[in-house]
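Architecture at a glance
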Amino acid sequence: MRSECATVSVGKGIAGSGVFAKIAFPAAAVIGQIRGDLFQDERLETEYTFQAAEGYQLEPIAPFRFLNHSCDFNCEFDWLTASHWKGDPESVEEKSCGGLYLSAVRNISPGEELTIDYNWPAEFAIKCQCGAENCRGYVVSMDEIGKINRSS
Ligand SMILES: [Zn+2]
């Protein structure tokens, strides 16, 4: 698969395609900007969309479209200019220009799969395949995991 970013590549990941580091990233390094379409219509949600901000879904384009969840995640989203565009709810175009970045939460070696915490609510939780020692068992936010344990 074609990579659109010199520092990461897309390959076979934890679940389907995944994003892999091509170089080493130190903790807190900004890996790249998450580009994509930001929209407010929940009917347009796909398996690739993320809850970007209150009421907004973001559908990233490649390569970060393919970020997988891991309970032992090594990356997170950073809203470097979030306060800028969140303050202007009328300007969808301005929101579309992004400001969302992927950054490393620990040192990442070349070849490692880049993962984030999907933080899904319990109602959307699916069984987790991340294989981490601290795996929650489900792709679900830490705050919501109690709801799953109670209902199973
Ligand atoms: Zn897991």
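Shown above is the structure to which this text applies.
Figured I'd write up the structure that's included with this text. A quick note: this is a predicted structure, and the numbers were derived from the prediction, not measured. (Residues numbered from 1 in each chain as written. Predicted model: local features only at pLDDT ≥ 70, side-chain atom pairs only at ≥ 80, totals over all residues. Heavy atoms only, no water.)

1. Quick word on the coordination of the zinc ion
Note the threshold: Think of the donor list as every N, O and S atom within 2.8 Å of the metal, or within 3.2 Å for Na, K and Ca; water never makes the list, so a site can look incomplete. A four-donor site is classed as tetrahedral when every donor-metal-donor angle falls between 85 and 135 degrees; four donors are called square planar, and six octahedral, when trans pairs exceed 155 degrees and all remaining angles lie between 65 and 115, with any other arrangement labelled irregular. Helical segments are the DSSP runs of H or I of at least four residues, strand segments are the runs of E of at least two, and each set is numbered from the N terminus. Three exposure classes are used, based on accessible area relative to the maximum for each residue type with a 1.4 Å probe and protein chains only: buried under 20%, partly exposed in between, and exposed over 50%.
For the zinc ion, the full set of protein donor atoms is Cys-71 (SG), Cys-128 (SG), Cys-130 (SG) and Cys-135 (SG), and the range of their distances to it is 2.2 to 2.3 Å. Each of the four donor atoms around the zinc ion contributes to a set of angles spanning 104 to 114 degrees, which defines the coordination as tetrahedral. When the donors of the zinc ion are listed by position in the chain, the intervening gaps give C-x56-C-x1-C-x4-C. Remark: Cys-135 occurs in the loop between strand 11 (126-127) and strand 12 (138-139) and Cys-71 occurs in the loop between strand 7 (68-69) and strand 8 (75-79); sequence separation between them is 64 residues. The class for Cys-135 is partly exposed, based on a relative accessible area of 29%.

2. With respect to the pattern of salt bridges
Rules: One speaks of a salt bridge when a side-chain nitrogen belonging to Lys or Arg is within 4 Å of a carboxyl oxygen belonging to Asp or Glu.
If you walk through the whole model with that rule in mind, you get four salt bridges. The partner of Arg-65 in a salt bridge is Glu-59, with the nearest N and O atoms 3.2 Å apart. When its relative accessible area of 23% is taken as the criterion, Arg-65 is described as partly exposed.

3. Looking at the sheet that holds strand 2 (residues 17-21)
To keep it simple, the criterion reads: Pairing between strands is defined by DSSP: at least two bridges between the two strands are required.
Strand order in the open sheet formed by four strands is 1-2-10-7, and the pairing between neighbours is mixed. What marks the edges here is a single partner per strand, and that holds for strand 1 (8-12) and strand 7.

4. Topic: the sheet that holds strand 8
Note the threshold: Between the N-to-C directions of two axes lies an angle of 0 to 180 degrees, each axis being a line fitted to C-alpha atoms and, for a helix, fitted only over the stretch in contact.
With antiparallel pairing, the three strands of this open sheet are ordered in space as 3-9-8. Looking at strand neighbours, the two that pair on one side only are strand 3 (30-33) and strand 8, the edges of this open sheet. For this sheet, the mean angle separating the axes of adjacent strands, direction not counted, is 30 degrees. Bridge analysis of strand 3 against strand 9 (residues 100-104) gives three bridges, and the strand direction is antiparallel. Bridge assignment links Val-30 to a residue of strand 9, and that residue is Ser-103.

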